[in-house]
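So you can see what is in the structure, the chains are spelled out below.
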Amino acid sequence: MEILELQSKVHDESKQGEAYAPFEADPNLYKKRFYIESYGCAMNFSDSEIVASILHTEGFGATKNFEEADLVLLNTCSIREKAEQTVRKRLTEFRKTKRKKPGMLIGVLGCMAERLKTKLLEEEKLVDLVVGPDAYRSLPSLIEEAEGGQKMVNVLLSRDETYADISPVRLDSNGICAFISIMRGCNNMCSFCVVPFTRGRERSRDAHSIIAEAKDLFDRGFREVTLLGQNVDSYYWTDENNHETVTFAMLLERVALVSPLLRIRFSTSHPKDITDDVLHTMAKYHNICKYIHLPVQSGSSRILQMMNRTYSREWYMAKVDRIKEIMPDCSISADIIAGFCTETEEDHQDTLSIMEYSKYDYSYMFFYSERPGTLAERRYTDDIPEEIKKRRLQEIIDVQSRLSKESNLLDIGKSFEVLIEGESKKDEKDWKGRTSQNKVVIFPKENYAFRAGDYAQVKIDECTQGTLLGKIIKN
Ligand code: 5AD
Ligand code: SF4
């Protein structure tokens, strides 16, 4: 999927399910409180910001404590079975509170709502609302009905909903980095993936509304935007009269022109769709980050074909070469699945060797989890025993750990422009920021007058597997 499951800082397992409250709402301003938790990909986190915006206009203020909420929402993920189990567990906890506080409404949003539909009401008796990813505009009316005691479901998928006109309320924001959703849905039909079924057909958001959102964020002090879509390279927007068409490369350029001080990232690219145009646009603008998330999924052409990825091992490797040719300093990360149906030891070795070839700076690694309704579930047998899946996954993780460390060691002695995102969690005397290549850098504040949102030139002198450590260069 090409939206990162928790990309960059969100791509941090510890953030899963974190309570997202923009602020503790003033009870005089808001008549009711809502509490929202998000799971899964960055798109879900971004959707929660749209939901928060819709709820605000309805007089709901956020709370960080679900026990005092009138409305508790879980924005869910279906990508792997484990993601669904986590949500089910959480619902059990909410139900306990609801028994003591019967007026509280519990709603399930996102991919699990879409996948399980009314089943969720039968399985989870105390859920009041089930709302799919394209139906968030109907939340106010659904809530009203649910307050009257009805169980409400809206899981209609849309061909054109992009929530373009809704201004997201930035949840749990550091005030520096924000997501901008540029498209929804996916037309790719990778055989293992449930997303095309839960998020529907691909549609691109009005380019003007995207630029306006980027400008507004910049004016409010944000310094980095991540353009989100399941497959951003197939972004394609035309106005109603077909006078204006905007491709992803064009969109990138327009966002880059908002300000040279605004960093642009995007996620996720599909290897078959990322064009030279996109790569040249990235190379042309200093503020477009030199980092591409390019999920490989497997290094075996036979498995890739069964996965319906529409590229071969050689084709993927040529894409990596092209990226490095146009941007030698570009970092690449991947998603990798271990133990897909029929995978042999040889296929697995192909995955390990493509990792070595691509020298991923980072990877998101999973073992295959069969999802009901997907092409793979209908066509193939999930025949790799769990111990083998896990052993192969561990081998993949081990290779990646070494590659990440090697990549970080190569950065020692170099200096990088680092966007300061805030104080280091471990030590308030240190700043935490990231390089254009998306690597986290920790460095002492010393006596410089930097603030979050500033760019600092930092020379790297040490590293761990996941972090670079350095010092500000005196100019
Ligand atoms: N099993 C395991 N991993 C999966 N992904 C998607 N579907 C599955 C599945 N059924 C992984 C892919 C995708 C990432 C977001 O999640 O690697 O790129
Ligand atoms: Fe990504 Fe493929 Fe799933 Fe689409 S179908 S979201 S491209 S993994």
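A quick note: this is a predicted structure, and the numbers were derived from the prediction, not measured.

### Section: the nonpolar core
Nonpolar side chains tend to gather and get buried jointly when the protein is soluble and globular. If you look at the biggest cluster of nonpolar residues, it comprises 57 residues, and the most contacted ones within it are Ile-182, Leu-227, Tyr-235, Phe-248, Leu-251, Met-282 and Ile-292. Residue contacts for Ile-292: discarding those within four places in its chain leaves Phe-266, Ser-269, Ile-274, Leu-279, Met-282, Ile-323, Met-327, Cys-330, Ser-331, Ile-332 and Ser-333. Counting 36 residues, the second-largest nonpolar core is a separate cluster that includes Ala-83, Ile-106, Cys-193 and Met-307.

### Overview of the sheet that holds strand 7 (residues 177-181)
The 3 strands lie next to each other as 7-10-13, forming an open sheet whose pairing is parallel. Only two strands of the sheet have a single partner each, and these edge strands are strand 7 and strand 13 (263-267). Neighbour to neighbour, the strand axes of the sheet diverge by 25° on average, direction disregarded. Of the pairings in the sheet, the one linking strand 10 (residues 224-228) to strand 13 comprises 5 bridges and is parallel in character. Each residue of the ladder has a partner; that of Glu-224, found in strand 13, is Arg-263. Against the sheet, helix 7 (residues 207-219) engages strand 7 and strand 10, with an angle of about 170° to strand 7.

### Considerations on the pairing of strand 21 (residues 467-472)
Pairing of strand 19 (residues 440-444) with strand 21 involves 3 bridges; the strand directions are parallel. Paired with Val-441 across the two strands is Leu-468, which belongs to strand 21. Connecting strand 20 (residues 455-463) to the next strand, strand 21, in antiparallel fashion are 3 residues.

### Thoughts on the sheet that holds strand 17 (residues 415-423)
Strand order in this closed barrel of 5 strands is 17-18-19-21-20, and the pairing throughout is mixed. On average, each strand axis in the sheet is tilted by 50° relative to the strand beside it, whichever way the strands run. Judged from the 4 bridges that link them, strand 17 and strand 18 (residues 430-434) form a sheet pairing that is antiparallel. Bridge pairing in strand 18 links Leu-419 to Arg-434. On top of the sheet, helix 14 (residues 386-411) reaches strand 17, strand 20 and strand 21; it is set at about 120° to strand 20, its chief contact.

### Concerning the pattern of salt bridges
For side chains bearing opposite charge, pairing can occur when the charged atoms are close. Enumeration over the complete set of coordinates arrives at 43 salt bridges. Where Arg-254 meets Glu-244, a salt bridge forms, and the shortest distance between an N and an O atom there is 3.1 Å. Of this pair, Arg-254 sits in helix 8 (residues 248-256) while Glu-244 sits in the loop between strand 11 (236-238) and strand 12 (245-247); the two residues are 10 residues apart in sequence, bridging distant segments of the chain. A relative accessible area of 28% means that Arg-254 is categorised as partly exposed. Ionic pairing is found between Asp-382 and Lys-389, a salt bridge with its closest N-O pair at 2.9 Å. Shared partners join several salt bridges into a network, and the residues in it are Asp-47, Asp-134, Arg-184, Arg-199 and Arg-203.

### Concerning helix 14
Its 26 residues place the ends of helix 14 37 Å apart at the C-alpha level, agreeing with the 38 Å of an ideal helix rising 1.5 Å per residue. On its buried face, helix 14 sits against strand 15 (331-338), helix 12 (345-358), strand 16 (362-367), strand 17, strand 20 and strand 21. Directly after helix 14, the chain includes Gly-413, whose backbone phi takes a positive value near 95°.

### Focus on the domain arrangement of the chain
Domain parsing of the chain yields domain 1 (13-154), domain 2 (177-407) and domain 3 (415-472). On a C-alpha basis, the centres of domain 2 and domain 3 stand 26 Å from each other. At the junction of the two partners, domain 2 supplies 19 residues and domain 3 supplies 15 residues. When domain 2 packs against domain 3, the two sides together hide about 1400 Å² of surface, and 45% of this comes from carbon and sulfur. Here Lys-439 makes a salt bridge to Asp-361, at a shortest N to O gap of 3.7 Å. In this assembly, domain 2 and domain 3 are joined by 11 residue pairs in polar contact (both at pLDDT 80 or more). Among the secondary structure elements, those contributing two or more residues to the side of domain 2 that touches domain 3 are strand 13 and helix 14. Taken together, the residues that form the side of domain 2 that touches domain 3 break down as 6 nonpolar, 5 polar and 8 charged.

Cut-off values and rules
- Residues numbered from 1 in each chain as written.
- Chains lettered and ligands numbered in written order.
- Predicted model: local features only at pLDDT ≥ 70, side-chain atom pairs only at ≥ 80, totals over all residues.
- Heavy atoms only, no water.
- Core = buried A, V, L, I, M, F, W, Y, C linked by side-chain atoms within 4.5 Å.
- Buried < 20%, exposed > 50% of the residue type's maximum accessible area, 1.4 Å probe, protein only.
- Contact = heavy atoms within 4.5 Å.
- Pairing = 2+ DSSP bridges.
- Helix = DSSP H or I, 4+ residues; strand = E, 2+ residues; numbered from the N terminus.
- Axes fitted to C-alpha atoms, helices over the stretch in contact; angles between N-to-C directions.
- Salt bridge = Lys/Arg side-chain N within 4 Å of Asp/Glu carboxyl O.
- Expected span 1.5 Å × (residues − 1).
- Domains from an automatic or database assignment.
- Buried area = accessible area lost by both parts, 1.4 Å probe.
- Polar contact = N/O pair within 3.5 Å; in protein donor to acceptor, adjacent residues only side chain to side chain.
- Nonpolar A, V, L, I, M, F, W, Y, C, P; charged D, E, K, R; others polar.

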